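As a plain string of letters, each chain reads:
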Amino acid sequence: MSVSPTVPVTASTASGTADWIQADRDRLIHPNLPAGRKDRIVMVEGKGCRVRDSTGRSYLDAAAVLGMVQVGHGRGELADVAAAQMKVLECFHTWEMMSNDKAIELASRLAELAPAGLERVFFTSGGAEGNEIALRMARYFHYRAGRPERTWVLARKLGYHGIGYGSGSVSGLPVYHEGFGPTMPDVHHLTAPDPYQIQQYGEEGVTDFCLRELRETIERIGPGRIAAMIGEPVMSVGGAVIPPADYWPRVAELLRQHGILLIFDEVVTGYGRTGHWFAAEHFGVTPDIMVTAKGLTSGYVPHGAVLVSDEVTETITGNGFPIGFTYTGHPTACAVALANIDLIDQENMLENAAKTGAYLAERLEGLRDLPVVGEVRQLGLMLGIELVADKGTRSPLPTGTAPVATALREEAGIILRGNPRALLINPPLVLSRDEADELADGLYAVLRRVDPDGSVRAA
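Reading guide: rules and limits
Residues numbered from 1 in each chain as written. Predicted model: local features only at pLDDT ≥ 70, side-chain atom pairs only at ≥ 80, totals over all residues. Heavy atoms only, no water. UniProt positions renumbered as here; feature names shortened; annotations may be inferred. Helix = DSSP H or I, 4+ residues; strand = E, 2+ residues; numbered from the N terminus. Expected span 1.5 Å × (residues − 1). Buried < 20%, exposed > 50% of the residue type's maximum accessible area, 1.4 Å probe, protein only. Axes fitted to C-alpha atoms, helices over the stretch in contact; angles between N-to-C directions. Parallel < 35°, antiparallel > 145°, perpendicular 65-115°, else oblique. Left-handed = near helix turned anticlockwise from the far one by under 90°. Contact = heavy atoms within 4.5 Å. Nonpolar A, V, L, I, M, F, W, Y, C, P; charged D, E, K, R; others polar. Pairing = 2+ DSSP bridges.

An unreviewed UniProt entry lists the chain under the name Aspartate aminotransferase family protein, with Streptomyces fulvorobeus as the source organism. Word for word, the UniProt comment on the chain under Sequence similarities (unreviewed entry) is "Belongs to the class-III pyridoxal-phosphate-dependent aminotransferase family."

This is the structure in structure tokens:
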């Protein structure tokens, strides 16, 4: 599948740019890039669902960078809002009695959008910071209520919540623990609800197995020692893993019976990704604390918001919640977030996420016939393609999905995330049907050439 540049080359990104980029590339430390790798793909421009690199090649961004550019690249409206706010009040803090008008306005707007009961807001600079705050709030809530022994946090294997001390500790992927220990104490990881990997649940089924395990874990640790459970409504890094419909309602009810707080990590699923403002609406569950970021500003400036119940807020702020960040309530970030939410609302992006996501899933249904495709999952514009070496055992490709993601980028001009077991597709919410067709065609062209050993045959 040939790809022609669709983003125009400008004077600032002409051929000379590539020369100094290549000369200075080693100064930048890249996550997950092994020492000695000299190749780089340097993005210089974007518009809508497309980005262009320093060589002039155009790509379809089916990852929305890291699942956050809801409104698409190059929205001048957001740049204009940021510039206008910087000319008036570029930054100020929200410590103690200090505040700013944009932080107040955004907090009010988020309270209107959030599930009923989440009407208080704490601002951060991103998702990992938000999860750090959520964990602190949960423990501090019990401490302030006279229950200091409630320190344990329940999390889930395959879950991802960031790479901070606390957020990395509750992330359930070994790569974030090995070599970084000791991690935060009093954390226990439960089995994730993964309907495709049904063999690990025996005859009980997914939800019954997970609820029994949760109940037994609560009894073993002691319900009076557990502060909270944290989880993504739909697991993102795990591969767009969508739990059974009854999983979260039953988990929430069991936690409520024991006075254990529920924290939803909606860093990826929030702000329209699943066809709802928040995935909590899809499952009919309101957590005690909900962490959001990414789509809040579509990544145009770093920002995050933790939405909190009145009960938790009133308890932790009785003598003043003693934790805050330099950029908490940053007025420029809040102004951009307000404009970004307006765009999502006015351009009906939630509806487009639902409709275009369903259309894309329909287009990809035939992938199930390929030897290496075990499952295609979809909720809104959040999709996962599980790649397997053997459909009978449902074992993953021995190489993981990285070689496939590389082939998609190099051969089809499609950027998406290759996670250990699944390809993760999180395009901007403005994805058109034509772009969905281009994405589907590229996936078919590459996946039909993937062998069970993970290698990709030449076209």
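**Section: helix α5 (residues 127–144)**
Compared with an ideal rise of 1.5 Å per residue, which puts 18 residues at 26 Å, α5 spans 25 Å between its outermost C-alpha atoms and is within 8% of the ideal. Taken together, the buried positions of α5 are Gly127, Gly130, Asn131, Glu132, Ile133, Ala134, Leu135, Met137, Ala138, Phe141 and His142. Just downstream of α5 lies glycine 146, where phi reads positive at about 85°.

**Remarks on the packing of helix α3 (residues 76–89) against helix α11 (residues 331–346)**
Viewed as axis vectors pointing N to C, α3 and α11 meet at an angle of 150°, and their least axial separation amounts to 9 Å. For the element pair α3 / α11, the angle class is roughly antiparallel. For α3 against α11, the interelement crossing comes out right-handed. Contacts from Glu77, Leu78, Val81, Ala82, Gln85, Met86 and Leu89 of α3 reach α11 at Pro331, Thr332, Ala335, Val336, Ala339, Asn340 and Leu343. In terms of residue class, the contact of α3 with α11 is built from ten nonpolar, three polar and one charged.

**Thoughts on the sheet that holds strand β7 (residues 226–231)**
Two pairing modes exist for strands in a sheet, parallel and antiparallel, and in both the strands are linked by backbone hydrogen bonds. If you trace the seven strands from one edge of the open sheet to the other, you get β4-β10-β9-β8-β7-β5-β6, paired in mixed fashion. The sheet is open, and its two edges are formed by β4 (118–124) and β6 (187–190), each paired on a single side. When strand polarity is set aside, the average angle formed by the axes of neighbouring strands in this sheet is 20°. Inspection of the sheet shows strand β5 (residues 152–156) paired to β6 by four bridges, in the parallel sense. Across the sheet, leucine 154 pairs through a bridge with histidine 188, a residue of β6. Here helix α7 (residues 206–221) sits on the sheet and contacts β5, β6 and β7; the angle it forms with β6, its principal contact strand, is near 160°. Along the sheet, helix α8 (residues 247–257) contacts β5, β7 and β8 (261–265); its crossing angle with β8, the most-contacted strand, is approximately 145°.

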